[in-house]
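Next come the chains, spelled out residue by residue.
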Amino acid sequence: ECPLCLLPQPPEAFPTLASCAHRSCQACLEQYLRIAISESHVQVACPHCPAVLQPADVHRLLAEPALRDKYEEFLLRRLLVADPGTRWCPAPDCSYAVIAYGCAECPRLTCGREGCGTEFCYHCRQPWHPDGPCALAPPAPSLASPAAQLVHPEDSAHGETLAQAEAEDIKVCPRCSAFIMKINDGSCNRMNCTVCGCLFCWLCLQEISDVHFLSPSGCTFWGKRPWSRTRKILWRLGMVLGAPMVISLVAGIAVPVITIGIPIYMGRKVLAGGPGFPTSRRSSLSGCQQCLSVTSSVLLSLFVSPIITAVMVGVGVPLMLTYVYGVVVLSLCR
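Residues numbered from 1 in each chain as written. Predicted model: local features only at pLDDT ≥ 70, side-chain atom pairs only at ≥ 80, totals over all residues. Heavy atoms only, no water.

Test applied: UniProt positions are given in the numbering used here, feature names are shortened, and annotations may be inferred rather than shown by experiment.
In the annotation of an unreviewed UniProt entry, the entry for the protein reads RBR-type E3 ubiquitin transferase, and the organism field reads Balaeniceps rex. The UniProt entry for the protein carries the following comment under Catalytic activity (unreviewed entry): "[E2 ubiquitin-conjugating enzyme]-S-ubiquitinyl-L-cysteine + [acceptor protein]-L-lysine = [E2 ubiquitin-conjugating enzyme]-L-cysteine + [acceptor protein]-N(6)-ubiquitinyl-L-lysine." What UniProt states about the protein under its Pathway (unreviewed entry) heading is, verbatim, "Protein modification; protein ubiquitination."

In structure tokens, the structure reads:
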């Protein structure tokens, strides 16, 4: 029985995979790959585990030549994006890649695609400028550039409205410049490009680490736009000036709550017969035994709770102080 469609199949209908030992029927795997590649996924994983399918298996399972060509194109683009010597032709409607090694001193490049032949600069990646220095390249991941490229010049009257409407929905990957659409459904701003695998922030369009949204960068995990520069500076100053008071207040509330709360919680659990304290066993005890059981659990938790409190305060307070007077102060100095 196929674990995807739940239909009985003959043994020969289950192809083997080089990446893992999971088995699914040929029809389900073809449909799975068709959807994944149509959505521009290059690293297609097994439908049952995170193991990435080998290109040979993908070619063997795909029956449509157009999908195989699309998969090869995405795979090649992913490899070229990781190559620092690759330069992409800046001509409209041309995605030809030029692999340029040792061209820093002779920066004039020519697109090799038939019918294009565009000349451009190795350094600024803009059309060739023989009589002047490299101009600052317009930022590819700008807010308006994707929508602007989708609008035809003759539709300029409608272009501004469309650009404003789509600027927040379509942006460009900071690594491979692939167009990426984000549905405005309140989802997070941590994006992963399916073409090159780049992990970037939707708000600032910079490649990020896992602590990007914890740093005082102005980018929030949820939200439509980053904070303004004034708001970021005021927030950082407020953190630096108010950190001792806030940390003292939090510690002052947490210490008694944890120290007193754990014994009360344990006593109520034992009395109510919670997990680990079955009601049947508690009902078989006499009144003195029940009182002794509750008292012993409360006394034991009174001994343990100060240790837990000391560990939490001893670890948490230095971490918060290090963050405020290390990361935040450093960002203010920048």
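**Focus: unusual backbone geometry**
A negative phi angle characterises most non-glycine residues, just as the trans form characterises most peptide bonds. Let me state the cut-off plainly: Put simply, DSSP marks the helices as runs of H or I at least four residues long and the strands as runs of E at least two long, and each gets a number from the N terminus on. Residue burial is assigned from relative accessible area. The probe radius is 1.4 Å, only protein chains are included, and a residue is buried under 20% of its type maximum, exposed over 50%, and partly exposed in between.
You will see that L6, though not glycine, has its phi angle at about 60 degrees, which is positive. Inspection of the secondary structure assignment puts L6 in the segment before α1 (26-38). Positive phi values are uncommon outside glycine, yet L205 reaches one of about 55 degrees. On the secondary structure map, L205 appears in the loop between β8 (199-201) and α6 (229-272). Residue classification places L205 among the buried positions, given a relative accessible area of 4%.

**Let's talk about the UniProt feature "transmembrane region" (unreviewed entry) in the protein**
UniProt marks residues 233-266 and 307-333 with the feature "transmembrane region" (unreviewed entry), using the numbering shown here. Span residues 233-266 is 100% helix and 0% strand, its end C-alpha atoms 45 Å apart.

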